Amino acid sequence: MPDLSLAPAWTALFLGLFALFAGVGELRKPGHWQKLIEEIAASPALQLVTGLLELFLGAVIYLANPWASYDWLSSLLSVVGGLMCVEALVVVAFSDVYLAFWVRRFGPLSKLWTWCSILIGLALIAMSALHF
């Protein structure tokens, strides 16, 4: 059986790097996230692929980070993975309603979402550093 004791740290590191660099990318080219959401909302194929990818990644995160763990980071990431799975199923089943909600809400708050992504990324990277 593989040793998964560092799985929470690695998961937090990679999620943190993704969130940080996604936020930096949006700061460099404002409006890309809005366009991304609009493109997904307009394409049933992208909706299905997005839902499948998020379901797969959420399941991997959930399974690699046990909920009943002595490590609080593992428990937190298990919740994140579970929420990703739920969101993926919502995207697949109710994409018209769910994505329309985000298309309307995202534009006016794009700077807020960008900075939240950067701060969450930095926090996850810091949490991972504490576990190595």
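Thresholds, definitions, all that
- Within every chain, residues take consecutive numbers counted from 1 along the sequence as written.
- Totals for whole chains, interfaces and linings use all residues, but because this is a predicted model, local features are given only for residues with pLDDT of at least 70 and pairs of side-chain atoms are given and counted only at 80 or more.
- Computation of side-chain values covers all heavy atoms of the structure but excludes hydrogens and water.
- Nonpolar core, defined: a set of buried Ala, Val, Leu, Ile, Met, Phe, Trp, Tyr and Cys residues in which side-chain atoms within 4.5 Å join the residues together.
- Buried, partly exposed and exposed residues are distinguished by accessible area as a fraction of the type maximum, computed with a 1.4 Å probe on protein chains only: under 20%, between the cut-offs, and over 50%, respectively.
- Secondary structure elements are taken from DSSP: a helix is a run of H or I of four residues or more, a strand is a run of E of two residues or more, and numbering for both begins at the N terminus.
- Each axis is a line fitted through C-alpha atoms, and for a helix only the stretch in contact is used; angles between axes span 0 to 180 degrees, taken between their N-to-C directions.
- For classification, angles of less than 35 degrees are called roughly parallel, those exceeding 145 degrees roughly antiparallel, those between 65 and 115 degrees roughly perpendicular, and all remaining angles oblique.
- Note: crossing handedness is left-handed where the near helix turns anticlockwise from the far helix by less than a right angle, and right-handed where it turns clockwise.
- Whether two residues are in contact is decided by their heavy atoms, any of which lying within 4.5 Å being enough.
- Gly counts as polar in this scheme, as do all residues outside two lists: the nonpolar Ala, Val, Leu, Ile, Met, Phe, Trp, Tyr, Cys and Pro, and the charged Asp, Glu, Lys and Arg.
- Exposure above 30% relative accessible area and no salt bridge define the residues that can form patches, which grow by joining like charges within 9 Å and nonpolar side chains of Val, Leu, Ile, Met, Phe, Trp and Tyr within 5 Å.
- To measure how exposed things are, a 1.4 Å probe is used in the Shrake-Rupley method; for residues, cover is taken only from the protein chains shown.
- The working definition used for a salt bridge is a side-chain nitrogen of Lys or Arg within 4 Å of a carboxyl oxygen of Asp or Glu.

S.K.: What is the right way to look at the nonpolar core in this model?
M.R.: The nonpolar side chains of a soluble globular protein tend to be buried with one another. The biggest cluster of nonpolar side chains holds seven residues, and these are Ala-12, Ile-61, Leu-73, Leu-77, Met-84, Leu-124 and Met-127. Tallying contributions element by element places helix 4 (residues 72–106) first for this core, with three residues.

S.K.: Would you take a moment to explain the environment of Pro-44 for this structure?
M.R.: For Pro-44, the position within the fold is in helix 3 (residues 44–64). Overall, the relative accessible area of 63% leaves Pro-44 in the exposed class. Separated by 51 residues in the primary sequence, Pro-44 and Ser-95 have C-alpha atoms spaced 8.5 Å apart.

S.K.: Could you clarify how one ought to interpret the packing of helix 4 against helix 5 (residues 110–131) in this entry?
M.R.: Two quantities define a packed helix pair, namely the angle between the helix axes and the distance between the axes. Taken N-terminus to C-terminus, the directions of helix 4 and helix 5 make an angle of 165°; their axes are 15 Å apart at the nearest point. The angle between the axes of helix 4 and helix 5 places the two elements in the roughly antiparallel class. For the pair helix 4 and helix 5, the sense of crossing is left-handed. Within the contact between the two elements, helix 4 uses Trp-72, Leu-73, Leu-76, Trp-102, Arg-105 and Phe-106 and helix 5 uses Ser-110, Trp-113, Met-127 and His-131. The residue inventory of the contact of helix 4 with helix 5, partitioned by class, reads seven nonpolar, two polar and one charged.

S.K.: Even after reading the chapter, I still don't get a nonpolar patch on the surface, so can you show me in this structure?
M.R.: Where nonpolar side chains cluster on the molecular surface, the patch consists of Leu-6, Trp-10, Phe-14, Leu-17, Phe-21 and Phe-132 and spans about 630 Å² of accessible area. Note that Phe-14 resides in helix 1 (residues 7–28).

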